[in-house]
Amino acid sequence: MGVVASAPAKVILFGEHFVVYGEPAIVLAIDKRAYAKVELRNDKRVHVRSTNLGISGYFEDNLFRLETGNEQAKYKLEPIKKVVDKISEISGKTAGLDVEIRSTVPVAAGLGSSAAVAAATAMAVAKILGVELSKEEIFRITYEAERIVHGTPSGVDPAIATFGGTILFQMDTGVKPLEAKMDIPLVIGDTRVSRSTRNLVAQVREKRKRFPSIVDPILRSGRQIVLRAIEAIRQGDIRTLGELANINHALLCAIGVSSESLEWLITNARKAGALGAKLTGAGGGGCMIALAEPDRLEAIAEAIQRAGGTPYVARKTDHGVRIES
Ligand code: PMV
């Protein structure tokens, strides 16, 4: 008898990268989820399989044995082991486990796939070991796993994967749910160009070091965008949100994290009637979002498709990490 848990993907509406330096960000959980199925084993192995990535292997006595995939597999499966170790440490219980990951979230695309996987795994492992964890604890464990993947993450991805909904996230104050009575109508466009969040965050850090008096005002503008966007979300003012998305994107271009593939999808989405469009997540490839009146969403999705991207008309979800069965 196994346990299945799931956690949502996300889009950052405003504030990516700036959030790493303590500024606020607005994040939305979306209706794509990662699933972790966990079963007890009779031995001490922690066996992990990711069906999407086509990789598997097991950890035993702190050694990793590859079963399917290449050398990269260990690096990709390690965060899962970290989650298991952390829960064993908290509970004082160790057990051999089979962990199987399935996901509908595109990988390395800026939609928070690794955090969703880690949060789902944490909840499933806790449940099977009979440990009661608060959401705050799942957030912390997911954050630790993210540090392996991303180096110095802000915590925005673990927060939304854990809590779901629409949140305001800031490193020093944590998670505040945002009242979003409106549906925020958006299309996600995936460039299918994969990139590394770790590298992009490092590039921005370098840029800030070289040009502090130029980059710091950009961070402050990012904060003002978020504050204005909170108001617009409360008022259901999609037009203003669109304008703010365009300004936010220009700031992200200024710090060097857009790319040709992103610009192409963003230009096409705007031409097809988006009120605003921007990259989402770390940039450098991955995904963009377009905000629009609901009756324009299909046309924008088609424009993204014609431009060579993969569109998803995303719906928000209030469900953070949860047990499925
Ligand atoms: O991993 P992504 O693409 O979802 O980006 C995470 C957001 C960043 O602000 C770029 C990094 C962070 O840790 O907040």
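Residues numbered from 1 in each chain as written. Predicted model: local features only at pLDDT ≥ 70, side-chain atom pairs only at ≥ 80, totals over all residues. Heavy atoms only, no water.

Asker: So what exactly am I meant to see when it comes to the domain arrangement of the chain here?
Answerer: Domain assignment breaks the chain into domain 1 (3–178 + 318–323) and domain 2 (186–314). Each partner contributes to the interface: domain 1 provides 31 residues, whereas domain 2 provides 40 residues. Across the domain 1/domain 2 interface, buried area totals approximately 2,900 Å², and carbon plus sulfur atoms make up 69% of it. Of all residues in domain 1, Phe14, Phe18 and Tyr21 bury the most surface against domain 2, accounting for 26% of the area lost on that side. For glutamate 16, the salt bridge goes to lysine 278, with nearest N and O atoms at 2.9 Å. Counting across the domain 1 and domain 2 interface gives 12 residue pairs in polar contact (both at pLDDT 80 or more). When contributions to the side of domain 1 that touches domain 2 are tallied by element, the ones reaching two or more residues are strand 1 (3–14), strand 2 (25–40) and helix 3 (135–150). (Domains from an automatic or database assignment. Contact = heavy atoms within 4.5 Å. Buried area = accessible area lost by both parts, 1.4 Å probe. Salt bridge = Lys/Arg side-chain N within 4 Å of Asp/Glu carboxyl O. Polar contact = N/O pair within 3.5 Å; in protein donor to acceptor, adjacent residues only side chain to side chain. Helix = DSSP H or I, 4+ residues; strand = E, 2+ residues; numbered from the N terminus.)

Asker: In this structure, what is going on with the pattern of salt bridges? I would like to understand it.
Answerer: When charged atoms on two side chains of opposite charge get close, those side chains can pair. Using the criterion set out here, one finds 16 salt bridges in the structure. With a shortest N-O distance of 3.2 Å, lysine 74 and glutamate 78 are connected by a salt bridge. With lysine 74 and glutamate 78 both in helix 1 (residues 72–91), this residue pair falls four residues apart, about one helical turn. Accessibility expressed as a relative area gives 37% for lysine 74, which makes it partly exposed. The class of glutamate 78 is partly exposed, set by a relative accessible area of 27%. Salt-bridge contacts for aspartate 85 lead to lysine 81; the nearest nitrogen and oxygen are separated by 3.0 Å. In this pair, aspartate 85 and lysine 81 are both assigned in helix 1, four residues apart and thus about one turn of the helix distant. The class of lysine 81 is buried, set by a relative accessible area of 12%. Via salt bridges that share partners, Arg41, Asp43 and Asp98 belong to a single interconnected network. (Buried < 20%, exposed > 50% of the residue type's maximum accessible area, 1.4 Å probe, protein only.)

Asker: What's the story with the packing of helix 2 (residues 113–128) against helix 4 (residues 156–163) in this structure? I'm lost.
Answerer: One can describe the packing of helix 2 onto helix 4 by two numbers: an axis separation of 8 Å at closest approach and a directional angle of 50°. In this view, helix 2 runs oblique relative to helix 4, as classed from their interaxial angle. Viewed along their axes, helix 2 and helix 4 form a crossing whose handedness is right-handed. Note on element contacts: helix 4 touches helix 2 through Asp157, Pro158, Ala161 and Thr162, opposite Ala115, Ala116 and Ala119. (Axes fitted to C-alpha atoms, helices over the stretch in contact; angles between N-to-C directions. Parallel < 35°, antiparallel > 145°, perpendicular 65-115°, else oblique. Left-handed = near helix turned anticlockwise from the far one by under 90°.)

Asker: Which parts of the structure should I look at to understand the site of the ligand?
Answerer: Lys10, Ser154, Arg195, Thr197 and Ala282 are the nearest of the 17 residues found near the ligand. Between lysine 10 and the ligand, the recorded distance is 2.5 Å, taken from a side-chain N or O atom to an oxygen atom. Within the contact set of the ligand, an oxygen atom lies 3.5 Å away from a backbone nitrogen or oxygen of glycine 110. Starting from 380 Å² of accessible surface for the ligand in isolation, the protein chains cover 96%. The site holding the ligand turns out to be the largest pocket. At the level of elements, strand 1, helix 4 and helix 5 (197–210) are the ones that each hand at least two residues to the shell around the ligand. (Near = heavy atom within 4 Å. Areas by Shrake-Rupley, 256 points an atom, 1.4 Å probe, with all protein chains shown as cover. 1 Å grid on protein atoms, 1.4 Å probe; cavity = no way out; pocket = protein on both sides within 12 Å on 5 of 7 lines; lining within 4 Å. Sits in = over half its atoms within 2 Å of the grid points.)

Asker: Whenever I open this one, the packing of aromatic side chains confuses me. Can you help?
Answerer: The description of two aromatic rings rests on the distance between their centres and on the angle between their planes. Applying the stated criterion across every chain yields a total of three aromatic pairs. Arranged with centres 4.9 Å apart and planes meeting at 50°, the rings of phenylalanine 59 and phenylalanine 64 form a pair that is tilted. Residue classification places phenylalanine 59 among the buried residues on the basis of a relative accessible area of 6%. You can call phenylalanine 64 buried: its relative accessible area is 16%. (Phe/Tyr/Trp six-rings, centres within 6.5 Å; stacked < 30°, edge-to-face > 60°.)

Asker: Could you clarify how one ought to interpret the sheet that holds strand 9 (residues 186–190) in this entry?
Answerer: To summarise the sheet geometry, strands pair through backbone hydrogen bonds and adopt either a parallel or an antiparallel arrangement. Ordered by their spatial adjacency, four strands build an open sheet running 10-11-9-12, and the pairing between neighbours is antiparallel. The open sheet is flanked by strand 10 (276–280) and strand 12 (310–314), the only strands paired with a single partner. Neighbour to neighbour, the strand axes of the sheet diverge by 25° on average, direction disregarded. Sheet topology places strand 9 next to strand 12; five bridges connect them, and they run antiparallel. Counterpart to valine 187 in the pairing with strand 12 is valine 313. The strands touched by helix 7 (residues 238–254) are strand 10 and strand 11 (287–291); relative to strand 10, the strand with the most contacts, the crossing angle is about 45°. Strands strand 9, strand 11 and strand 12 of the sheet are contacted by helix 9 (residues 297–306), whose axis makes an angle of about 160° with strand 12. (Pairing = 2+ DSSP bridges.)

Asker: Explain the nonpolar core to me, please; I cannot follow it from the model alone.
Answerer: The nonpolar side chains of soluble globular proteins are, as a tendency, buried together. One finds Leu13, Phe14, Ile26, Leu186 and Ile188 to be the most contacted residues of the largest nonpolar core, which totals 76 residues. Looking at which element gives the most residues to this core, the answer is helix 6 (residues 212–235), with nine residues. Here this core spans two domains, since at least three of its residues come from each of domain 1 (3–178 + 318–323) and domain 2 (186–314). Excluding its chain neighbours within four sequence positions, the residues that come into contact with phenylalanine 14 are Ala25, Ile26, Ile225, Val226, Ala229, Leu241, Leu244, Ala245, Asn248 and Lys278. Ala36, Ile80, Leu97 and Val117 belong to the second-largest nonpolar core, a separate cluster that totals 40 residues. (Core = buried A, V, L, I, M, F, W, Y, C linked by side-chain atoms within 4.5 Å.)

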